[in-house]
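Structural overview for review
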Amino acid sequence: QVDCSKVHIFAEDEWADDQGNIAPADYQAGFTYSQLKYFYGSIREDLRMPLSQVHYPTNENIKDYSKMITECGEGGADICYSGPGWAGHIAFIDPCTPEFGCPPIEEYLEMEARIVTLHPMTIMQNSLNGTFGQSGDIANVPPKAATIGPLDVMRAKERIEVHALMTNGTFSSWQRMTSRLCTHGPITPYLPSSMLQTKKTQVYISEELAAPFECWEKVGY
């Protein structure tokens, strides 16, 4: 029963092809498609925001996307929701990309939204997602993406990150080790999510992700 009519939503990322063309809203494996269908479309019509207040990266706005977030939020987003990828990314702020590089952390945290070349681990991770068949079909995963920048994460008035991804309800999870690195490892562009250690952030780690792990020699794939 919450009135969302004044809410503005900014999607953090979207896929792009090898030429840097951002996927359209009707791309079924896209984040914009899912956001519009399963989030926006699920809010009761008399309570939801106008479609003009649902923002997502496009070829036309990506160069101004950080500015759009800053202006709409009068200095930054009210809240930034995230979860670390296998390579430790936030959104598609991947480590060691040609577009972000690995500059000193102070310079890194000032970088804005852009098109990036995805880290191989990010492509492998997403080949295990349902939208790409959960079968390691890495050739089916787009090689680039549009993403917010570290600056957008840092400017947010509040940050919430969730670590809880499992593989179809099994113990297996690529996120278990990444979670430990992001929360207790060094603060470095080599592990983008570690930037959250520099700002007040609520991090929710599920019991399954926090579970200990070791060499189980009799457990196969």
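Scroll up a little and you will see the structure.
Okay, so let's go over this structure. Nothing here was measured: the structure is a model prediction, and the numbers come from that model.

1. Focus: the pattern of salt bridges
- Under the definition given, this model contains two salt bridges.
- When the shortest N-O distance is used, the salt bridge between D46 and R44 registers 2.7 Å.
- With relative accessibility at 42%, the residue R44 sits in the partly exposed group.
- Notably, a salt bridge pairs K157 with D78, separated by 3.8 Å at the nearest N-O pair. Residue K157 is found in the loop between α5 (150-155) and β7 (159-163), and its partner D78 is found in the loop between α2 (65-72) and β4 (80-82); the two are separated by 79 residues along the sequence.

2. Structural notes on the nonpolar core
- Counting 33 residues, the largest nonpolar core has Y65, I93, Y108, V153 and M195 as its most contacted members.
- Of all the secondary structure elements, the ones that give two or more residues to this core are α2, α3 (105-108), β6 (144-147) and α5.
- Look past the residues within four positions of Y65 in its chain and what remains in contact with it is F10, A11, H55, Y56, P57, A113 and I148.
- Core analysis: the next-biggest nonpolar cluster, separate from the first, contains seven residues, Y40, I43, M49 and V54 among them.

Basis of the calculations
- Residues numbered from 1 in each chain as written.
- Predicted model: local features only at pLDDT ≥ 70, side-chain atom pairs only at ≥ 80, totals over all residues.
- Heavy atoms only, no water.
- Salt bridge = Lys/Arg side-chain N within 4 Å of Asp/Glu carboxyl O.
- Buried < 20%, exposed > 50% of the residue type's maximum accessible area, 1.4 Å probe, protein only.
- Helix = DSSP H or I, 4+ residues; strand = E, 2+ residues; numbered from the N terminus.
- Core = buried A, V, L, I, M, F, W, Y, C linked by side-chain atoms within 4.5 Å.
- Contact = heavy atoms within 4.5 Å.

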